[in-house]
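# Breakdown of the fold
Each chain, written out:
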Amino acid sequence: GQITMTNDTDTKKVQSGVDFGEGANAAHIKGLIRNLESEKAVHDTKFAENPLHSDCHKRFDNVLAQLQDELAKLLAETA
């Protein structure tokens, strides 16, 4: 009989709607949060004339909330 090894990450699927890829860590997620927050800060100026971008703040907030949630879970796991 062959022994098949299952990878731990296969059983712990992230249910947040955001795919963090393999081995997302706290530092990586903190970096994503920083980048998103700085993008959000300049977004209204950058896209002021573009009506397609009128509800992006909601999207920024949704993704930031998911990232912060994910970060909290990661930190809880490693605590």
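Here the structure is a predicted model, which is why all the values come from computation and not from measurement. (Residues numbered from 1 in each chain as written. Predicted model: local features only at pLDDT ≥ 70, side-chain atom pairs only at ≥ 80, totals over all residues. Heavy atoms only, no water.)

### Structural notes on the environment of Lys30
This is how the line gets drawn: Secondary structure counts use DSSP, requiring at least four H or I residues in a row for a helix and at least two E residues in a row for a strand, with both numbered from the N terminus.
When you line up the elements, Lys30 lands in helix 2 (residues 26-46). For the pair Lys30 and Leu67, spaced 37 residues apart in sequence, the C-alpha to C-alpha distance is 8.2 Å.

### A short note on the nonpolar core
The cut-off we apply is this: Definition used in this section: a nonpolar core is a set of buried Ala, Val, Leu, Ile, Met, Phe, Trp, Tyr and Cys residues joined via side-chain atoms within 4.5 Å. When a residue's accessible area, from a 1.4 Å probe over protein chains only, is under 20% of the maximum for its type it is buried; when over 50% it is exposed; and in between it is partly exposed.
Within the largest apolar cluster, 10 residues are counted, these being Ala26, Ile29, Ile33, Leu36, Cys56, Phe60, Leu64, Leu67, Leu71 and Leu74. Residue assignment for this core shows that the elements contributing at least two residues are helix 2 and helix 3 (56-78). Per-element tally for this core: the top contributor is helix 3, with six residues.

### Thoughts on the environment of Leu32
Along the chain, Leu32 turns up in helix 2. For the pair Leu32 and Val63, spaced 31 residues apart in sequence, the C-alpha separation works out to 10.0 Å.

### Some remarks on helix 2
Residue pairs spaced three or four apart in an α-helix point in one direction, given the helix's 3.6 residues per turn. So the rule is basically this: One less than the number of residues in a helix, times 1.5 Å, gives the span that helix is expected to have. At any given residue, the bend is defined as the angle formed between two axes, one fitted to the seven residues that end at that position and one fitted to the seven that begin there. We call two residues in contact when some of their heavy atoms are within 4.5 Å.
In this model, helix 2 (21 residues) spans 29 Å end to end at C-alpha, consistent with the 30 Å of a helix rising 1.5 Å per residue. Along helix 2, the sharpest change in direction is near 30° and occurs at Lys40. Among all positions in helix 2, only Ala26, Ile29, Gly31, Ile33, Leu36 and His43 are buried. Buried residues along helix 2 sit in contact with helix 3.

### Quick word on the pattern of salt bridges
The following threshold applies: Any Lys or Arg side-chain nitrogen found within 4 Å of a carboxyl oxygen on Asp or Glu counts as a salt bridge.
A full pass over the atoms with the stated rule returns five salt bridges. A salt bridge links Asp55 to Arg59; the shortest N-O distance between them is 2.6 Å. Of the residues examined, Asp55 reaches a relative accessible area of 32% and is grouped as partly exposed. The exposure class of Arg59 is partly exposed, given its relative accessible area of 45%. Salt-bridge contacts for Glu70 lead to Lys73; the nearest nitrogen and oxygen are separated by 3.5 Å. Here Glu70 pairs with Lys73, and both are found in helix 3, just three residues apart, close to one helical turn. Residue class for Glu70 comes out buried when judged on its relative accessible area of 10%. A relative accessible area of 38% means that Lys73 is categorised as partly exposed. Through salt bridges that share partners, Asp69, Glu70 and Lys73 make up one connected network.

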